[in-house]
Amino acid sequence: MSALTYRTTISPSLNEARKRVLQLYRDWQRAAPKVVSRYLLDVPVSAVRAKIREEFEKNRDVEDLRAIDVLIFKGRAEYQETINIWKMDTHIMNYFSKEESPPKPRGFLENFYEGRD
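Basis of the calculations
- Residues numbered from 1 in each chain as written.
- Predicted model: local features only at pLDDT ≥ 70, side-chain atom pairs only at ≥ 80, totals over all residues.
- Heavy atoms only, no water.
- Axes fitted to C-alpha atoms, helices over the stretch in contact; angles between N-to-C directions.
- Helix = DSSP H or I, 4+ residues; strand = E, 2+ residues; numbered from the N terminus.
- Parallel < 35°, antiparallel > 145°, perpendicular 65-115°, else oblique.
- Left-handed = near helix turned anticlockwise from the far one by under 90°.
- Contact = heavy atoms within 4.5 Å.
- Nonpolar A, V, L, I, M, F, W, Y, C, P; charged D, E, K, R; others polar.
- Buried < 20%, exposed > 50% of the residue type's maximum accessible area, 1.4 Å probe, protein only.
- Expected span 1.5 Å × (residues − 1).
- Arc of directions from axis to C-beta.
- Phe/Tyr/Trp six-rings, centres within 6.5 Å; stacked < 30°, edge-to-face > 60°.

Engineer: I'd like to hear about the packing of helix H1 (residues 14–38) against helix H2 (residues 45–57), residue by residue, with values.
Structural biologist: It is at 9 Å that the axes of H1 and H2 come closest, and there the two elements cross at 155 degrees. When the interaxial angle is binned, H1 and H2 end up roughly antiparallel. For the pair H1 and H2, the crossing hand works out as right-handed. Two secondary-structure elements touch here, H1 through Val 21, Leu 24, Tyr 25, Trp 28, Gln 29, Ala 32, Pro 33 and Val 36 and H2 through Val 45, Val 48, Arg 49, Ile 52, Arg 53 and Phe 56. Per-class residue counts for the contact of H1 with H2 are 11 nonpolar, one polar and two charged.

Engineer: An account of unusual backbone geometry is needed here, citing residue identities and associated values.
Structural biologist: Non-glycine residue Leu 40 carries a positive phi angle of around 50 degrees. On the secondary structure map, Leu 40 appears in the loop between H1 and H2. On the basis of relative accessible area, Leu 40 is assigned to the exposed category, the value being 70%. Here Ile 85, not a glycine, exhibits a phi torsion of approximately 55 degrees, which is positive. Structurally, the position occupied by Ile 85 is in the loop between helix H3 (65–83) and helix H4 (89–100).

Engineer: Requested: an account of H3, with residues and values cited.
Structural biologist: Taking 1.5 Å per residue as the helical rise, H3 with its 19 residues ought to reach 27 Å, and the 27 Å between its terminal C-alpha atoms agrees with that figure. Along H3, the residues classified as buried are Ile 68, Asp 69, Ile 72, Gly 75, Arg 76, Tyr 79, Gln 80, Thr 82 and Ile 83. The arc that holds the buried residues of H3, viewed along the axis, is 165 degrees, so those residues lie on one side. More than 90 degrees from the buried face of H3, the exposed residues found are Arg 66 and Lys 74. Ile 85 lies just past H3 and shows a positive phi near 55 degrees.

Engineer: Which residues make up H2, and what values go with them?
Structural biologist: Spanning 13 residues, H2 covers 18 Å between terminal C-alpha atoms, matching the ideal 18 Å at 1.5 Å per step. Taken as a whole, H2 has its buried residues at Val 48, Lys 51 and Ile 52. The buried residues of H2 occupy one face: seen down the axis, they fall within an arc of 105 degrees.

Engineer: I'd like a description of the packing of aromatic side chains, backed by residues and values.
Structural biologist: The final tally for this structure, using the stated rule, is two aromatic pairs. Ring centres of Tyr 25 and Phe 56 lie 5.1 Å apart, and the angle between their planes is 80 degrees; on these two criteria the pair is classed as edge-to-face. Placement of the pair is Tyr 25 in helix H1 and Phe 56 in helix H2, with a sequence separation of 31 residues. Aromatic side chains Trp 28 and Tyr 79 sit 5.3 Å apart centroid to centroid with 75 degrees between the ring planes, which places their arrangement in the edge-to-face category. One end of the pair, Trp 28, is in helix H1; the other, Tyr 79, is in helix H3, and 51 residues separate them in sequence. Grouping residues by exposure puts Trp 28 and Tyr 79 together as buried.

Written out as structure tokens, the structure reads:
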């Protein structure tokens, strides 16, 4: 069995789910310096922490208890894969390249499909 394994549990209430989400968030924030050093990222720790917060903020308005439990499970799995270095550098950098990458140049076919000259 690998390090950082957690038993999958079902939250009995929203309050309990909130506690589990906050614990997961704290674990990710504490692990940010380790992620930067282990993967030799050219990204400051503050940017990694900001990206972690952004990813958690995407699901801030979820109120379905089962959906929250699934998100916690996925977050724990991502955390375990990241900390145990089961991911490649490119998997980590994909979180940063989505918004920061310049738009793709539009070629002839893209314009053709849209009906432009």
